[in-house]
Amino acid sequence: MKRLTILDLQKKKDQKEKLVAVTSYDATFASLVDASVDLVLVGDSLGMVIQGHNNTLSVSLEDMVYHTKAVARKLNHAHLVSDMPFLTYQVSKEEAVRNAGELLKAGAQSVKVEGGAEICETVRHLTRLGIPVMAHVGLTPQSVHQLGGFLVQGKGDAQKDKLLRDAKHLEEAGAYAVVLESIPQELALNITENLKVPTIGIGAGIGCDGQVLVIYDLLGMDPNFKPKFLKQYAYLASDIQKAVQAYAREVREEKFPTEEHSFH
Ligand code: KIV
């Protein structure tokens, strides 16, 4: 099977076919999701769901390279995009190229960066050098302290205008897709209708060209994380807890292992 390219993703938007994206951070999940989705994102959300931090700011390039390599080994179909972590693309265009290059060498087919007009020159530089870039506007988690929390963006008229302008500038700078995170659905639809490249929403309503969710969120791995934008398609937290409790009970009661699981 051939891995989807950014041209295939554009074709899907042109043919009004919805794009499906999900995060993965390891080889097992990558092989489980590969055939069902168009894009796999190695998100810097791994700082929260894998590493246990309160935000994504402490994720390093080395972390992203490590997880990208694990995911890349198991993808045969989906396009692999990896997040550029905080401070790996904001300082200079030269650093951005070097760091994006490390992610491509690790197996990513494209990189994702957060921000609007202020990072357009970097996006232009990367894409001119042959590194495909997915942009990310709205709630940009790497700016959590500037935004005052993980809050819905694009509520007032000025913010709405700015987000539309940012998205258009990013497209013009060469971004092949734009993630729209936590913005009103009418605004996301307006941005989607004004862009030629695909939009991929999370907390941005039905009008986007595609959707992305964090795999652990859609699988219900954290029973306490239920933001409005999230639909849980499974409730694995309780299944996992029940399985581990059953295992612990059987070990303590000497019911596992049995003859069936033993060598002679
Ligand atoms: O880091 C991430 O997983 C993301 C998605 C939620 C869009 O940026």
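Residues numbered from 1 in each chain as written. Predicted model: local features only at pLDDT ≥ 70, side-chain atom pairs only at ≥ 80, totals over all residues. Heavy atoms only, no water.

Considerations on the domain arrangement of the chain
Phase 1 of the analysis: Partitioning the chain into domains gives domain 1 (6-233) and domain 2 (236-264).
Phase 2 of the analysis: The C-alpha-based centres of domain 1 and domain 2 are spaced at 39 Å. (Domains from an automatic or database assignment.)

Notes on helix H11 (residues 236-252)
Phase 1 of the analysis: Taking 1.5 Å of rise per residue, the 17 residues of H11 would be expected to cover 24 Å, and the 24 Å separating its terminal C-alpha atoms lies within 8% of that figure.
Phase 2 of the analysis: Directly after H11, the chain includes Glu254, whose backbone phi takes a positive value near 55 degrees. (Helix = DSSP H or I, 4+ residues; strand = E, 2+ residues; numbered from the N terminus. Expected span 1.5 Å × (residues − 1).)

Remarks on the pattern of salt bridges
Phase 1 of the analysis: Taken as a whole and assessed by the stated rule, the structure comprises 10 salt bridges.
Phase 2 of the analysis: Asp83 is paired through a salt bridge with Lys112; the nearest N and O atoms lie 2.7 Å apart. Of the two residues, Asp83 sits in strand S3 (residues 79-83) while Lys112 sits in strand S4 (residues 110-114), which places them 29 residues apart along the sequence.
Phase 3 of the analysis: In this structure Lys112 comes out as buried when scored by relative accessible area, which is 2%.
Phase 4 of the analysis: In this structure, Asp166 engages Lys162 in a salt bridge whose closest nitrogen and oxygen atoms are separated by 2.6 Å. In this pair, Asp166 and Lys162 are both assigned in helix H8 (residues 157-173), 4 residues apart and thus about one turn of the helix distant.
Phase 5 of the analysis: A relative accessible area of 39% means that Lys162 is categorised as partly exposed. (Salt bridge = Lys/Arg side-chain N within 4 Å of Asp/Glu carboxyl O. Buried < 20%, exposed > 50% of the residue type's maximum accessible area, 1.4 Å probe, protein only.)

Looking at unusual backbone geometry
Phase 1 of the analysis: The step from Phe256 to Pro257 runs through a cis peptide bond, and the omega angle for that step is 0 degrees.
Phase 2 of the analysis: Assignment of secondary structure puts Pro257 in the segment after H11.
Phase 3 of the analysis: Even without glycine at this site, Leu87 takes up a positive phi of about 70 degrees.
Phase 4 of the analysis: Summarising the element assignment, Leu87 is placed in the loop between S3 and helix H5 (93-105).
Phase 5 of the analysis: Residue classification places Leu87 among the partly exposed positions, given a relative accessible area of 46%.
Phase 6 of the analysis: A positive phi is found at Ser182, a non-glycine position, where the angle reads about 50 degrees.
Phase 7 of the analysis: Classification of Ser182 as buried rests on a relative accessible area of 10%.

Points about the layout of surface pockets
Phase 1 of the analysis: When its volume is computed, the second largest pocket comes out at roughly 400 Å³.
Phase 2 of the analysis: Lining the second largest pocket are 20 residues, with Gly115, Gly116, Glu118, Thr140 and Ser143 positioned closest to its centre.
Phase 3 of the analysis: Counting only elements with at least two residues in the lining of the second largest pocket, the list comes to strand S5 (133-138) and H8.
Phase 4 of the analysis: Here the element with the most residues in the lining of the second largest pocket is H8; it accounts for 4 residues. (1 Å grid on protein atoms, 1.4 Å probe; cavity = no way out; pocket = protein on both sides within 12 Å on 5 of 7 lines; lining within 4 Å. Points joined across faces, edges and corners; volume = space filled by probe spheres on them.)

What about the pairing of S3?
Phase 1 of the analysis: Of all the 5 residues making up S3, 5 are buried; the element is thus mostly covered by neighbouring parts of the structure.
Phase 2 of the analysis: Burial of the side chains of S3 extends over both faces: His79, Val81 and Asp83 are buried on one face and Leu80 and Ser82 on the other.
Phase 3 of the analysis: In this sheet, S3 lies alongside strand S2 (residues 39-42) in parallel orientation, the contact comprising 4 bridges. The residue of S3 that forms the bridge with Val40 is Leu80.
Phase 4 of the analysis: Taken together, S3, H5 and S4 form a β-α-β motif whose crossover is right-handed. (Pairing = 2+ DSSP bridges. Right-handed = clockwise from strand over helix to strand, strands pointing away.)

Looking at the packing of aromatic side chains
Each pair of aromatic rings is reported with the distance of its centres and the angle of its planes.
Phase 1 of the analysis: Using the criterion set out here, one finds 3 aromatic pairs in the structure.
Phase 2 of the analysis: In textbook terms, an aromatic cluster arises when at least three aromatic residues are bridged by ring pairs, as seen for Tyr25, Phe29 and Tyr216. (Phe/Tyr/Trp six-rings, centres within 6.5 Å; stacked < 30°, edge-to-face > 60°.)

Let's talk about the site of the ligand
Phase 1 of the analysis: Within the structure, the ligand sits among Thr23, Leu41, Gly43, Asp44, Ser45, Asp83, Lys112, His136, Ile202, Val212 and Val214.
Phase 2 of the analysis: At a separation of 2.5 Å, an oxygen atom of the ligand approaches a polar side-chain atom of Ser45.
Phase 3 of the analysis: Note that an oxygen atom of the ligand is positioned 3.0 Å from one of the side-chain N or O atoms of Asp83.
Phase 4 of the analysis: When the free accessible area of the ligand is taken as 260 Å², the share hidden by the protein chains comes to 94%.
Phase 5 of the analysis: Here the shell around the ligand is built from residues that sort into 4 nonpolar, 4 polar and 3 charged. (Near = heavy atom within 4 Å. Polar contact = N/O pair within 3.5 Å; in protein donor to acceptor, adjacent residues only side chain to side chain. Areas by Shrake-Rupley, 256 points an atom, 1.4 Å probe, with all protein chains shown as cover. Nonpolar A, V, L, I, M, F, W, Y, C, P; charged D, E, K, R; others polar.)

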